[in-house]
Amino acid sequence: QVQMVESGGGLVQAGGSLSLSCAPSQVVSSINRMGWYRQRPGKPREKVARMLSEGNPDYEESVRGRFTISRDNVKNTVALQMKNLEVGDTGVYYCHADMITIRPGRYEYDAWGQGIQVTVSS
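Keep in mind the model is a prediction, meaning the values are calculated, not measured.

> Even after reading the chapter, I still don't get the overall build of the chain, so can you show me in this structure?
In terms of helices and strands, the chain carries zero helices and 11 strands. Helices and strands appear in the chain in the N-to-C order β-β-β-β-β-β-β-β-β-β-β. Taking 2.2 N^0.38 as the reference for a compact globule, 122 residues should give roughly 14 Å; the C-alpha atoms of the chain span a radius of gyration of 14 Å, in line with that estimate. Summarising its shape, the C-alpha atoms of the chain cover approximately 50 × 25 × 25 Å along the three principal directions.

> When you look at the state of the cysteines in this model, what are you seeing that I'm missing?
Throughout this description, disulfide means a covalent bond between two cysteine sulfur atoms. Taken as a whole and judged by the stated rule, the model has one disulfide. Paired by a disulfide, Cys22 and Cys95 hold their sulfur atoms 2.0 Å apart. With the S-S dihedral at roughly -85 degrees, the linkage between Cys22 and Cys95 falls on the left-handed side. Of this pair, Cys22 sits in strand E3 (residues 18-24) while Cys95 sits in strand E9 (residues 91-103), and the two are 73 residues apart along the sequence. Taking relative accessible area as the criterion, Cys95 reaches 0% and is therefore assigned buried.

> Whenever I open this one, the pattern of salt bridges confuses me. Can you help?
Pairs may arise between side chains of opposite charge once their charged atoms sit close together. Under the definition given, this model contains nine salt bridges. Across the salt bridge formed by Asp58 and Lys47, the nearest N and O atoms sit 2.4 Å from each other. With Asp58 in strand E6 (residues 58-59) and Lys47 in strand E5 (residues 46-52), this pair connects stretches of sequence that are 11 residues apart. Taken together, the shared-partner salt bridges in this structure form one network comprising Arg38, Arg40, Glu46, Glu60, Arg66, Glu86 and Asp89.

> What should I look at first to understand the nonpolar core in this one?
Within soluble globular proteins, side chains that are nonpolar tend to cluster in buried spots. Core analysis: the biggest nonpolar cluster contains 30 residues, and Met4, Trp36, Leu80 and Met82 have the highest contact counts within it. Among the elements of the structure, E3, strand E4 (30-39), E5, strand E7 (67-72), strand E8 (77-82), E9 and strand E11 (116-121) are those that each provide at least two residues to this core. If you tally residues by element for this core, the top one is E9, at five residues. Apart from residues no more than four positions distant in its own chain, Met82 is found in contact with Gly16, Ser17, Leu18, Leu20, Arg66, Phe67, Tyr93 and Val118.

> How should I be thinking about unusual backbone geometry in this particular structure?
Backbone geometry follows two general trends: most residues other than glycine have a negative phi, and most peptide bonds adopt the trans configuration. The backbone of Asn76 sits at a positive phi, close to 60 degrees, despite the residue not being glycine. Its place among the elements puts Asn76 in the loop between E7 and E8. Looking at Asn76, the relative accessible area reads 2%, which means it is buried. In the Ramachandran plot, Asn84 falls in the positive-phi region, its phi being about 50 degrees despite a non-glycine side chain.

> What am I meant to see in the pairing of E8 here?
Looking down a regular strand, the side chains alternate between one sheet face and the other. Relative to E8, E3 runs antiparallel, the two sharing five bridges. Within the sheet, the bridge partner assigned to Ser19 lies in E8 and is Gln81. Relative to E8, E7 runs antiparallel, the two sharing six bridges. Bridge assignment links Ile69 to a residue of E8, and that residue is Leu80.

Parameters and conventions
- Residues numbered from 1 in each chain as written.
- Predicted model: local features only at pLDDT ≥ 70, side-chain atom pairs only at ≥ 80, totals over all residues.
- Heavy atoms only, no water.
- Helix = DSSP H or I, 4+ residues; strand = E, 2+ residues; numbered from the N terminus.
- Rg over C-alpha atoms; globule rule 2.2 N^0.38 Å.
- Disulfide = S-S within 2.5 Å.
- Buried < 20%, exposed > 50% of the residue type's maximum accessible area, 1.4 Å probe, protein only.
- Salt bridge = Lys/Arg side-chain N within 4 Å of Asp/Glu carboxyl O.
- Core = buried A, V, L, I, M, F, W, Y, C linked by side-chain atoms within 4.5 Å.
- Contact = heavy atoms within 4.5 Å.
- Pairing = 2+ DSSP bridges.

What follows is the structure, given as structure tokens:
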């Protein structure tokens, strides 16, 4: 079973920047959709940003203009560049991959990362 592996995260002051990266736990042929979700204190898990292989990014309104999602469709990795961070961005960030082709003829529905903490201080 493929899993996604996040890296990055940490503690940053408000107004600062942080970058997250994510890669599959094994080599795969392709991933149709990749994205980032987050769980903020006292709130349900929510979409942050996601995109199809050839599609335009889809952002949650509060991060649009501050966060940038990018993909490498050769390595099947995804990154999230976060700028002008706010205290309200604090939470656990999860990487997600949807409709994974392991190799021709073998597929997996989706995969999640374990989550990484992003803490923004005032």
